[in-house]
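An overview of the molecular structure
What follows is each chain in one-letter form.
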Amino acid sequence: MGREAKDGSGPEVLEGVLQVIEAGADQDRGQRLRAFAHAVLGRAPADFFRGRTDAEVFELISGTFDLLDSMAPGAVGVRVGQLPGYGHTGCAAVAISDRPFVVDTLHQLLTSRGFEI
């Protein structure tokens, strides 16, 4: 379950992430999380998986799922944390409906403070 993807391919990592979900999630959450993982990881580029273990990809998917699942319709969701497997590299997840000005403003704020996006 904690292995690194052999060649960075999505299907291999997806299978490992599904095993992590199966091992730890309750039935209702597990079904919804599996469907979410299929939808997201099926579209992810190969380099997204490179160097990440199944558990690290699970943490990213699970955290994003939890953020979206906890939001009320029309709300803005924000999660800030560290990227699993990247030491002190941080990440900000922002879930919003069609509000591009918020993304632009956040991008400008972070880059003005010296953060690389």
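Residues numbered from 1 in each chain as written. Predicted model: local features only at pLDDT ≥ 70, side-chain atom pairs only at ≥ 80, totals over all residues. Heavy atoms only, no water.

As for the overall build of the chain
In terms of helices and strands, the chain carries five helices and two strands. For the chain, the α and β elements follow one another from N to C terminus as α-α-α-α-β-β-α. With 117 residues in all, the chain has 29% of them scored as buried. Carbon and sulfur atoms provide 55% of the accessible area of the chain, an area that totals close to 7500 Å². (Helix = DSSP H or I, 4+ residues; strand = E, 2+ residues; numbered from the N terminus. Buried < 20%, exposed > 50% of the residue type's maximum accessible area, 1.4 Å probe, protein only. Areas by Shrake-Rupley, 256 points an atom, 1.4 Å probe, with all protein chains shown as cover.)

Some thoughts on the packing of helix α2 (residues 27-41) against helix α4 (residues 54-70)
In contact at an axis separation of 10 Å, α2 and α4 are set at 110 degrees when each is read in the N-to-C sense. The angle between the axes of α2 and α4 places the two elements in the roughly perpendicular class. You can see that α2 and α4 cross each other, and the crossing is right-handed. Between α2 and α4, the contacting residues are Arg29, Arg32, Leu33, Phe36, Ala37, Val40 and Leu41 on the first element and Val57, Phe58, Ile61, Ser62, Thr64, Phe65, Asp66, Leu68 and Asp69 on the second. For the contact of α2 with α4, a count of residues per class yields 10 nonpolar, two polar and four charged. (Axes fitted to C-alpha atoms, helices over the stretch in contact; angles between N-to-C directions. Parallel < 35°, antiparallel > 145°, perpendicular 65-115°, else oblique. Left-handed = near helix turned anticlockwise from the far one by under 90°. Contact = heavy atoms within 4.5 Å. Nonpolar A, V, L, I, M, F, W, Y, C, P; charged D, E, K, R; others polar.)

Topic: the nonpolar core
Formed by 15 residues in total, the largest nonpolar core has its most connected members in Val17, Ile21, Ala37, Leu41, Val57 and Ile61. Mapped onto this core, the elements with two or more residues apiece are α1 (10-24), α2 and α4. Discounting residues that sit within four places of it in the chain, Leu41 has contacts with Leu14, Val17, Phe48, Phe49, Val57 and Ile61. (Core = buried A, V, L, I, M, F, W, Y, C linked by side-chain atoms within 4.5 Å.)

Some details on a nonpolar patch on the surface
Where nonpolar side chains cluster on the molecular surface, the patch consists of Val76, Val78, Val80 and Val94 and spans about 340 Å² of accessible area. Tracing the backbone shows Val94 in strand β2 (residues 90-95). (Patch = residues over 30% accessible without salt bridge, like charges linked within 9 Å, V, L, I, M, F, W, Y side chains within 5 Å. Salt bridge = Lys/Arg side-chain N within 4 Å of Asp/Glu carboxyl O.)

Comments concerning the environment of Gly74
Inspection of the secondary structure assignment puts Gly74 in the loop between α4 and β1 (77-82). For Gly74, a relative accessible area of 56% translates into the label exposed.

Thoughts on helix α5 (residues 100-112)
Taking 1.5 Å of rise per residue, 13 residues should cover 18 Å, and α5 covers 18 Å from first to last C-alpha, within 8% of that figure. Just downstream of α5, Gly114 is the residue with a positive phi angle, here 90 degrees. (Expected span 1.5 Å × (residues − 1).)

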